[in-house]
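Spelled out, the chains give:
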2 protein chains.
Amino acid sequence: MNTVVIKESQGTLGARMSAMGDAARGAAAGLRTASTDTKNKALAAAAQAIRGRKEQILAANARDMEAAASRGMTSAMMDRLKLDDGRIEAMAKGLEDIAALPDPVGKELARWTQPNGLDIARVATPIGVIGIIYESRPNVTADAGALCMKSGNAVILRGGSESVHSSHAIHAALVEGIESAGLPAAAIQLVPTTDRAAVGMMLEGLGGTVDMIIPRGGKSLVARVQAEARVPVLAHLEGICHSYVHAGADLEKARAIVVNAKMRRTGICGATETLLIDRCIAETHLAPILSDLSKAGCEIRGDKDVVAVYPSAQLATEDDWHSEYLDSIISVRIVDGVDDAVRHIATYGSQHTECIVTEDKEAAEQFMDALDSAIVMHNVSTQFADGGEFGMGAEIGIGTGKLHARGPVGVEQLTTFKYLVRGSGQTRP
Amino acid sequence: MNTVVIKESQGTLGARMSAMGDAARGAAAGLRTASTDTKNKALAAAAQAIRGRKEQILAANARDMEAAASRGMTSAMMDRLKLDDGRIEAMAKGLEDIAALPDPVGKELARWTQPNGLDIARVATPIGVIGIIYESRPNVTADAGALCMKSGNAVILRGGSESVHSSHAIHAALVEGIESAGLPAAAIQLVPTTDRAAVGMMLEGLGGTVDMIIPRGGKSLVARVQAEARVPVLAHLEGICHSYVHAGADLEKARAIVVNAKMRRTGICGATETLLIDRCIAETHLAPILSDLSKAGCEIRGDKDVVAVYPSAQLATEDDWHSEYLDSIISVRIVDGVDDAVRHIATYGSQHTECIVTEDKEAAEQFMDALDSAIVMHNVSTQFADGGEFGMGAEIGIGTGKLHARGPVGVEQLTTFKYLVRGSGQTRP
């Protein structure tokens, strides 16, 4: 099998990774002042290059699929890895969509004049060099590269070993687009080795050249990044999202929202994992909701009060409340009002997205106010926790940390800012 | 000598630090929803308690001064440590000034409606638990505690060992104020030991209870924090600030700005450390500017071109360009236009604050656009790099990192945000 996996001594790898960091820093200096038009041209050309290189990308993907099959990868994972005509077109279209977004760089975020005449403006600027470590679908190579390009950042991508050939083929198309617009190829670099030591080097910041690391992947990847990183991390942790059906809920609305929140797509971070429902409506509301979920193919794991009302539910264990299933399973608990629901979520949640279903506006405000999650919702499916659905265009994920950016991370969230202070000779007394 | 320094086994210290983290987390939950009025009452009462406990605070400070003298502390350091009636009143007044600031919590930062009717609002919320590690003046105890209180965060303060008695006396006053307003004492905690192991525990996050660490102090403290922290750090690194006198500068403006930027106060991070001046005006502008600086008591260290024009200057070494003197010393270099000045700053600067002095607006915009510093100025003294001077009220420092907050960190910068999404039963297609 033809492979691009390169293993080498730490010394040589270190030198190559360090050179990537330097190249990224150099590219970032040019990207910082690149015009919107140039960046958009690069993205449009990259989209065309992806279409033009479809056969090479499919061939590379076939090699990844073959290797995955021989390693016994699950069919769900194989499906994530697989590219076809439709997915390649979607990837190209994704780049064009990002080109169509407003340029976040240079936007005046605030401006005011001090009594002494100082004119102070806060203006959005690129962050610089972003390292993205991911392990999921090969299209992340294109999406993440394009989001960083649009926001004026150079990016060093480190994809998963299972998609290495696909990622390289996609990356080659991106570079073709970038260069045709006159931007440096180093604006989007892909780490050319699957050696895990390369990740460690990125986490150490490649000699001070990396400004931020974004991990995209499972719990163990994010945990490693958080433990080892010596540079700021924009973390995308798990989404243990809750839907809470309050005593004041409209039953039909609750049924539609809960089944959508859980079952529309079970593998996304905004999928509801736990259903909370008020005790006083358990007799009337619980069975119809759980029956809808069952019919949609969802396994129900409830506390003993739930099992009493809905005997076909399995008994949940403590682990269930901590679980991000990303699957057709839901944990269900009966609670005693808003405070009790908030307490459960504060104890077991991951501060991602939670929703209250109720017609009682006061209860809704109480719930939304009390929770410290990135996104709190009222009468909406938690599956709306998405940059596109927020009107922010494409996103790199949902930030679950509290600093810099929470919630959907799109092009605006990939910028920082600087202050421009204009005076006329003022000295400070 | 009566001492509050407690040394104990790691196990016991670990248990106590961990209990502080839990207490802070508990207090943060209450502070998050505390009213503006309650927080302001606590701050006003704390100001009164500081005034009322003046004698105890002065006595505690005398013990610190005595210990410092016996350890042979420099007189500059002794001056930083010393409290007197005026400084205690200034500290109390500082708390009242923070009470008078607008409450940043709950502020609607953005709000829009999606085509499907979703009403999305981004609202400022407290971060949670902030750990502040400092080594400077004892008044940081009051300032940092008050800024966190106003922004709804619980704080764990770890002051320097040299000011331990003063900090404890000030902290006791803060707690008196907090409790009188009905807020939990754990809203502002002071680590009761000078054991350096306690810092390590804070940097590890006290069992997931600390959301952010802010180091305030010298280079070695910040370096230790950045190397060891397992939680996000809002770094306040050194300020190697530059004033650049461009060919188009007005000489009188340049003289006034440069002498103020360097000499108004040499010990603050916004003080200019390096002067750059265009070659074509060196003959006319350099001598008057350097002569002003000399007369003000500043030592001049120039490159060989500077020494040629101004022979009383010492010859600068490579180290000088990297130095944050925080003293009456300036390094001076002759450059060849805006690009060369930008290149010098990008190589040696710390991305804090830089200023161009010129009447040429185009050159000013070019300079401000090209630099990637937190604050870029035109015709202003760099000493204006200050939260108060920006109209933001008190600040905890000037952030030099790129994430979350750059530039002055005041109460607004000590908040994060969450999204409130209000719907009417929408499910995602």
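Definitions and cut-offs
- Residues numbered from 1 in each chain as written.
- Chains lettered and ligands numbered in written order.
- Predicted model: local features only at pLDDT ≥ 70, side-chain atom pairs only at ≥ 80, totals over all residues.
- Heavy atoms only, no water.
- Contact = heavy atoms within 4.5 Å.
- Buried area = accessible area lost by both parts, 1.4 Å probe.
- Salt bridge = Lys/Arg side-chain N within 4 Å of Asp/Glu carboxyl O.
- Polar contact = N/O pair within 3.5 Å; in protein donor to acceptor, adjacent residues only side chain to side chain.
- Helix = DSSP H or I, 4+ residues; strand = E, 2+ residues; numbered from the N terminus.
- Nonpolar A, V, L, I, M, F, W, Y, C, P; charged D, E, K, R; others polar.
- Pairing = 2+ DSSP bridges.
- Axes fitted to C-alpha atoms, helices over the stretch in contact; angles between N-to-C directions.
- Parallel < 35°, antiparallel > 145°, perpendicular 65-115°, else oblique.
- Left-handed = near helix turned anticlockwise from the far one by under 90°.
- Least-squares fit on C-alpha atoms with pLDDT ≥ 70 in both.
- Buried < 20%, exposed > 50% of the residue type's maximum accessible area, 1.4 Å probe, protein only.
- Core = buried A, V, L, I, M, F, W, Y, C linked by side-chain atoms within 4.5 Å.
- pLDDT = per-residue confidence, 0-100.
- Phe/Tyr/Trp six-rings, centres within 6.5 Å; stacked < 30°, edge-to-face > 60°.
- Lys NZ or Arg CZ within 6 Å of the ring centre and 35° of its normal.

1. As for the interface of chain B and chain A
At the junction of the two partners, chain B supplies 69 residues and chain A supplies 69 residues. For the pair chain B and chain A, the two sides together bury roughly 5,700 Å², of which 51% comes from carbon and sulfur. Applying the counting rule to chain B against chain A returns six salt bridges. The partner of R428 of chain A in a salt bridge is E389 of chain B, and the shortest N-O contact between them spans 3.4 Å. For the interface between chain B and chain A, the tally reads 46 residue pairs in polar contact (both at pLDDT 80 or more). Contributions of two or more residues to the side of chain B that touches chain A are made by α1 (10-32), β2 (119-126), α9 (219-228), α10 (251-263), α15 (361-370), β13 (375-380), β15 (407-409) and β16 (415-426) of chain B. The element that contributes the greatest number of residues to the side of chain B that touches chain A is β16 of chain B, accounting for eleven residues. Across the side of chain B that touches chain A, the residue classes tally to 29 nonpolar, 23 polar and 17 charged.

2. With respect to the sheet that holds strand β6 (residues 212-216) of chain A
Residues and elements named next belong to chain A. With parallel pairing, four strands are arranged side by side in an open sheet as β5-β4-β3-β6. Each end of this open sheet is capped by a strand with a single partner; those strands are β5 (188-190) and β6. Between one strand and the next, the sheet's axes are offset by a mean angle of 20°, whatever the strand orientation. Pairing of strand β3 (residues 129-134) with strand β4 (residues 154-158), which is carried by five bridges, proceeds in the parallel orientation. Looking at the pairing, G131 lines up with I156 of β4. Across the face of the sheet, helix α7 (residues 164-180) comes into contact with β3 and β5 while running at roughly 155° to β5. Against the sheet, helix α9 (residues 219-228) engages β3 and β6, with an angle of about 160° to β6.

3. Thoughts on the packing of helix α5 (residues 85-100) of chain A against helix α6 (residues 139-150) of chain A
Residues and elements named next belong to chain A. For the pair α5 and α6, the least separation of the axes is 10 Å and the interaxial angle reads 15°. In terms of axis orientation, α5 runs roughly parallel to α6. Handedness of the α5/α6 crossing: right-handed. Packed against α5, whose contacting residues are M91, L95, I98, A99 and A100, the element α6 presents N139, A142, D143, A146, L147 and K150 at the interface. Considering only residue class, the contact of α5 with α6 consists of eight nonpolar, one polar and two charged.

4. Re the relation of the copies chain B and chain A
With an RMSD of 0.0 Å, the fit of chain B onto chain A corresponds to turning through 180° and sliding 0.0 Å along the axis. The transformation relating the two chain copies, once decomposed into turn and shift, fits a two-fold axis. Rotation axis and chain B: the residue whose C-alpha lies nearest the axis is H404 of chain B, separated from it by 1.8 Å. In this assembly the copies share their binding face: 100% of the residues contributing to the interface of chain B also contribute to that of chain A.

5. A short note on the sheet that holds strand β9 (residues 299-302) of chain B
If you walk across this open sheet you meet the ten strands as β1(A)-β2(A)-β16(A)-β13(B)-β12(B)-β7(B)-β8(B)-β11(B)-β9(B)-β10(B), and the pairing is mixed. Each edge of the open sheet is held by one strand with a lone partner, namely β1 (108-113) of chain A together with β10 (314-315) of chain B. Judged from the eight bridges that link them, strand β2 (residues 119-126) of chain A and strand β16 (residues 415-426) of chain A form a sheet pairing that is antiparallel. Each residue of the ladder has a partner; that of A124 of chain A, found in β16 of chain A, is F417 of chain A. Contacts from α15 of chain B reach β16 of chain A together with β7 (241-245), β12 (353-357) and β13 of chain B, with the element oriented near 150° to β16 of chain A.

6. Some words on the packing of α10 of chain B against helix α11 (residues 282-295) of chain B
Residue and element names in this part refer to chain B. Closest axis-to-axis distance for the α10/α11 pair is 9 Å, and the angle between their directions is 35°. Two packed elements cross with a definite hand, and for α10 against α11 that hand is right-handed. From α10, L251, A254, R255, V258, V259, K262 and M263 reach across to α11, where they touch T284, H285, P288, I289, D292 and L293. Class assignment of the residues belonging to the contact of α10 with α11 gives a composition of eight nonpolar, two polar and three charged.

7. A word on the environment of D327 of chain B
Within the secondary structure layout, D327 of chain B lies in the loop between α13 (318-321) and β11 (329-335). In sequence terms D327 of chain B and M78 of chain B are 249 residues apart; their C-alpha atoms lie 16 Å from each other.

8. Side note on the pattern of salt bridges
Summed over the entire model, instances satisfying the criterion amount to 56 salt bridges over all chains. Residues D305 of chain B and R279 of chain B are paired through a salt bridge, measuring 2.9 Å at the closest nitrogen-oxygen approach. Of this pair, D305 of chain B sits in helix α12 (residues 304-309) while R279 of chain B is found in the loop between β8 (272-278) and α11, placing the two residues 26 residues apart along the sequence. When salt bridges that share partners are traced, they join R25 and D211 of chain A together with D372, K402 and R406 of chain B into one network.

9. As for unusual backbone geometry
Residue and element names in this part refer to chain B. Even without glycine at this site, L206 takes up a positive phi of about 45°. Topologically, L206 is positioned in the loop between α8 (197-203) and β6 (212-216). Residue classification places L206 among the buried positions, given a relative accessible area of 7%. Despite not being glycine, L326 shows a phi value in the positive range, around 50°. Residue placement: L326 occurs in the loop between α13 and β11.

10. Looking at the nonpolar core
Counting 75 residues, the largest nonpolar core has M17, I50, I132 and M149 of chain B as the members making the most contacts within it. If you look at the next biggest cluster of nonpolar residues, it comprises 74 residues, including M20, L83, A144 and V155 of chain A.

11. Thoughts on the environment of K150 of chain B
Residue and element names in this part refer to chain B. Looking at the element boundaries, K150 is found in helix α6 (residues 139-150). A relative accessible area of 0% means that K150 is categorised as buried. For the pair formed by K150 and I345, sequence separation is 195 residues and the distance between their alpha carbons is 36 Å. Excluding its chain neighbours within four sequence positions, the residues that come into contact with K150 are K39, N40, L43, I98, A99, A100, L101, P102, D103, P104 and V411. There is a polar contact of 2.8 Å between the side chain of K150 and the side chain of N40.

12. What to know about the confidence of the model for chain A
For residues with low pLDDT, the predicted coordinates do not support detailed interpretation. All names here are of chain A. Residues of chain A with pLDDT of at least 70 account for 97%, and the chain-wide mean is 94. Segment residues 1-6: pLDDT under 50, and 15 contacts once partners within four positions in sequence are set aside and those in other chains are kept. Among the scores for the predicted complex, ipTM is 0.91 and pTM is 0.91.

13. What to know about the packing of aromatic side chains
For the coordinates displayed, the defined rule picks out eight aromatic pairs over all chains. Where F390 of chain A meets Y419 of chain B, the ring centres are 5.2 Å apart and the plane angle is 85°; that geometry is what we call edge-to-face. Separated into two different chains, F390 of chain A in the loop between β13 (375-380) and β14 (398-399) and Y419 of chain B in strand β16 make up a pair that spans both. In this structure F390 of chain A comes out as buried when scored by relative accessible area, which is 1%. Each residue in the set W112, F417 and Y419 of chain A together with F390 of chain B is aromatic and connected to the rest through ring pairs, giving one cluster. Between the NZ or CZ atom of R333 of chain A and the centre of the ring of W321 of chain A, over which it lies, the distance is 4.7 Å.

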